[in-house]
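Geometric and topological summary
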Amino acid sequence: MTAAKGTTLIFAVTILILCCTCTNANEKQPGKVNFREKEKQVLDQILGPGRYDARIRPSGVNGTAVGDENKPTVVWINFFLRSISKIDDYKMEYSVQLTFREQWLDERLKFNDFGGKIKYLTLTEANRVWMPDLFFSNEKEGHFHNIIMPNVYIRIFPYGSVLYSIRISLTLSCPMNLKLYPLDRQICSLRMASYGWTTDDLVFLWKDGDPVQVVKNLHLPRFTLEKFLTDYCNSKTNTGEYSCLKVDLLFKREFSYYLIQIYIPCCMLVIVSWVSFWLDQGAVPARVSLGVTTLLTMATQTSGINASLPPVSYTKAIDVWTGVCLTFVFGALLEFALVNYASRSDMHRENMKKQRRQQYESEHALEPLVRHPGDPMAIEKLRPCEIHVPAKRENCCRTWLSKFPTRSKRIDVISRITFPLVFALFNLVYWSTYLFRNEGEET
């Protein structure tokens, strides 16, 4: 038994020695270095206590030269426009979601990349390093995205370059000029500026190449993004000059929606109001009902359009259209009032003629009783007077109107031609004025 225990102990010691030997051999192999541990060591080295102060801004872009520490820190900006959720005409605002990026050089964060093995270090806490005090000057509301984790990262490259990327959603103010609504184009800006650092300390620049990227399948229900322009908008106040960047997004309103929902229905209402011109002038209930119904429908349509727009002090293109259409519908109703008045006037005139004719016939019925037979003067008096008037050249319009003996009927016939012609002329002027207006005339 003692010999067996001794053999077992010797075997266990042998196995332990072999394991230690293999472990030491693996540690000495250069291909088995744990670079995650090296990253921790580098972070502790550059961001450890007493080594880096996030309150102090970096030196200028060429900080290695003497005197560059007094130059402003340069921050390059670019972003990726992910989506545009809405463009609100009433509130004059629009909402976007974007991936926003900033990049700058901080020489205090240089580190050894171990022969290119460490391409960059990644942080998720923005308060560990110095950050530019950028804000969106025309922002109304905004929030970060924290599902499932905060959508933000900071990459530190070996030569000291810092890349900050974050996904944010913003609701931005967009003052609009609605004079050509709904045939208008709107320019909505996104402005970024420094809040506390002046241009002596901090300068924002657009990144070279492609500073603004837009998602390929960007779709808006009522607008089309035609183009975008990047520019600078530095502002001077009594506390100094502050760096500012802006991008102008040019939106064109989709007209097909308004053509189907507003313009065509208004045209149909105007045409329906002309039906009363073809109804008999004695059909008072039918003509009054048609005129009042189209007038109320047109008024409801106009109020519904204005309810979705801000109460601006100037006249919009849609106001001109609805106002003229409402005038045509109201004019058709007034036309019936004029026809009704002319019809009653015609009836009164016809009654007067009948009375005069009856009176004339009654007077001449007594003349044979008082006339002496054989009186030549009496015979001459009975002959009608013949007056020869030189023939005049007849007017075609008068000849055509003479087919309609009453004034009320003539008014209806004239209205059948006049109303469509005037409305067609209005359409010609309206579309030529608003549809072919140059972009420079919109402002």
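Residues numbered from 1 in each chain as written. Predicted model: local features only at pLDDT ≥ 70, side-chain atom pairs only at ≥ 80, totals over all residues. Heavy atoms only, no water.

By the definition in use, this model includes 27 aromatic pairs. Look at Phe 255 and Trp 431: their rings are 5.8 Å apart centre to centre, the planes differ by 80 degrees, and that puts the pair in the edge-to-face class. Note that Phe 255 is positioned in helix 3 (residues 255-273) and Trp 431 in helix 9 (residues 407-434), a separation of 176 residues in sequence. Among the aromatic side chains, those forming a connected cluster through ring pairs are Phe 255, Tyr 263, Trp 274, Phe 277, Trp 321, Phe 328, Phe 419, Phe 423, Phe 426, Tyr 430, Trp 431 and Tyr 434. In this structure, Lys 179 packs its charged tip against the face of Tyr 314, placed 5.9 Å from the ring centre. (Phe/Tyr/Trp six-rings, centres within 6.5 Å; stacked < 30°, edge-to-face > 60°. Helix = DSSP H or I, 4+ residues; strand = E, 2+ residues; numbered from the N terminus. Lys NZ or Arg CZ within 6 Å of the ring centre and 35° of its normal.)

Quick look at the state of the cysteines now. In total, this model carries two disulfides according to the counting rule given. Each sulfur in the disulfide pair Cys 174 and Cys 188 lies 2.0 Å from the other. Across the S-S bond of Cys 174 and Cys 188 the torsion is about -80 degrees, and the bridge reads as left-handed. Residue Cys 174 is found in the loop between strand 7 (161-173) and strand 8 (185-194), and its partner Cys 188 is found in strand 8; the two are separated by 14 residues along the sequence. A relative accessible area of 0% means that Cys 174 is categorised as buried. Two residues share a disulfide in this structure: Cys 233 and Cys 244, whose sulfurs sit 2.0 Å from each other. (Disulfide = S-S within 2.5 Å. Buried < 20%, exposed > 50% of the residue type's maximum accessible area, 1.4 Å probe, protein only.)

What follows covers a nonpolar patch on the surface. There is a patch of nonpolar side chains on the surface, built from Leu 259, Ile 260, Ile 264 and Met 268 and spanning about 370 Å² of accessible area. Within the secondary structure, Ile 264 sits in helix 3. (Patch = residues over 30% accessible without salt bridge, like charges linked within 9 Å, V, L, I, M, F, W, Y side chains within 5 Å. Areas by Shrake-Rupley, 256 points an atom, 1.4 Å probe, with all protein chains shown as cover. Salt bridge = Lys/Arg side-chain N within 4 Å of Asp/Glu carboxyl O.)

To continue, consider the environment of Gly 160. Summarising the element assignment, Gly 160 is placed in the loop between strand 6 (152-156) and strand 7. When the C-alpha positions of Gly 160 and Tyr 120 are compared, they lie 9.7 Å apart, and in sequence the two are 40 residues distant. If we skip the residues at most four places from it in the chain, Gly 160 touches Trp 104, Leu 105, Asp 106, Leu 109 and Lys 110. (Contact = heavy atoms within 4.5 Å.)

Here the focus is the confidence of the model for the protein chain. When the pLDDT values of the protein chain are averaged, the result is 82; 77% of them are 70 or greater. Between residues 1-5, whose pLDDT stays under 50, and residues either more than four places distant or in other chains, the model counts zero contacts. Considering only residues more than four positions removed or in separate chains, one finds that residues 18-30, a stretch of pLDDT under 50, has one contact. (pLDDT = per-residue confidence, 0-100.)

With 77 residues, the main nonpolar core has Phe 100 and Met 192 as its most contacted residues. Sort the elements by how many residues they give to this core and helix 5 (residues 317-364) lands first, with seven residues. Apart from the residues lying within four places of it in its own chain, the contact partners of Met 192 are Ile 77, Phe 79, Phe 100, Leu 134, Phe 135, Phe 136, Trp 206, Ser 243, Cys 244 and Leu 245. (Core = buried A, V, L, I, M, F, W, Y, C linked by side-chain atoms within 4.5 Å.)

Either a parallel or an antiparallel arrangement is found when strands of a sheet pair, and the pairing is made through backbone hydrogen bonds. Ordered by their spatial adjacency, four strands build an open sheet running 4-8-14-11, and the pairing between neighbours is antiparallel. Only two strands of the sheet have a single neighbouring strand rather than two, namely strand 4 (134-136) and strand 11 (223-232). Averaged over all pairs of adjacent strands, the angle between their axes in this sheet comes to 20 degrees, without regard to strand direction. Pairing between strand 8 and strand 14 (residues 244-253): nine bridges, direction antiparallel. Its bridge partner lying in strand 14, Arg 191 is registered against Lys 246. (Pairing = 2+ DSSP bridges. Axes fitted to C-alpha atoms, helices over the stretch in contact; angles between N-to-C directions.)

Bringing the packing of helix 3 against helix 9 into the picture now. Axis separation between helix 3 and helix 9 bottoms out at 13 Å; the angle between their running directions is 160 degrees. Regarding the angle of helix 3 to helix 9, the classification is roughly antiparallel. Crossing hand, helix 3 versus helix 9: right-handed. Between helix 3, through Phe 255, Tyr 263, Cys 267 and Val 270, and helix 9, the contact on the second element is made entirely by Phe 423, Tyr 430 and Trp 431. In terms of residue class, the contact of helix 3 with helix 9 is made up of seven nonpolar, no polar and no charged. (Parallel < 35°, antiparallel > 145°, perpendicular 65-115°, else oblique. Left-handed = near helix turned anticlockwise from the far one by under 90°. Nonpolar A, V, L, I, M, F, W, Y, C, P; charged D, E, K, R; others polar.)

A separate point is unusual backbone geometry. Looking along the chain, the bond that leaves Ile 147 and enters Ile 148 is cis, with omega of 0 degrees. Residue Tyr 181 is joined to Pro 182 through a cis peptide bond whose omega torsion reads 5 degrees. Looking at where Pro 182 falls in the secondary structure, it is placed in the loop between strand 7 and strand 8. One non-glycine residue with positive phi stands out, namely Phe 114, at about 55 degrees. Note that Phe 114 resides in the loop between strand 2 (93-105) and strand 3 (121-123). Its relative accessible area of 30% is what places Phe 114 among the partly exposed residues.

With respect to the secondary-structure elements, Thr 315 resides in the loop between helix 4 (284-307) and helix 5. Note: C-alpha distance between Thr 315 and Lys 179 (136 residues apart in sequence) is 6.2 Å. Those residues within four positions of Thr 315 in sequence are excluded, and the remaining contacts are Lys 179 and Val 320.

Time to look at the side chain of Gln 186. Inspection of the secondary structure puts Gln 186 in strand 8. At 2.9 Å, the side chain of Gln 186 and the backbone oxygen of Asn 177 are in polar contact. Each residue touching Gln 186, except ones within four places of it in the same chain, is listed here: Met 176, Asn 177, Leu 178, Leu 249, Leu 250, Phe 251 and Arg 253. (Polar contact = N/O pair within 3.5 Å; in protein donor to acceptor, adjacent residues only side chain to side chain.)

Okay, the pattern of salt bridges next. When the charged atoms of two side chains lie near each other, side chains of opposite charge can form a pair. Evaluation of the coordinates by the stated rule reveals 14 salt bridges. A salt bridge links Arg 253 to Asp 184; the nearest nitrogen and oxygen atoms lie 2.6 Å apart. With a gap of 69 residues between them, Arg 253 in strand 14 and Asp 184 in the loop between strand 7 and strand 8 connect regions that are remote in the sequence. By the burial criterion, Arg 253 is buried, and Asp 184 matches it. One salt bridge connects Arg 185 with Glu 226, and the closest N-O pair in it is separated by 3.1 Å.

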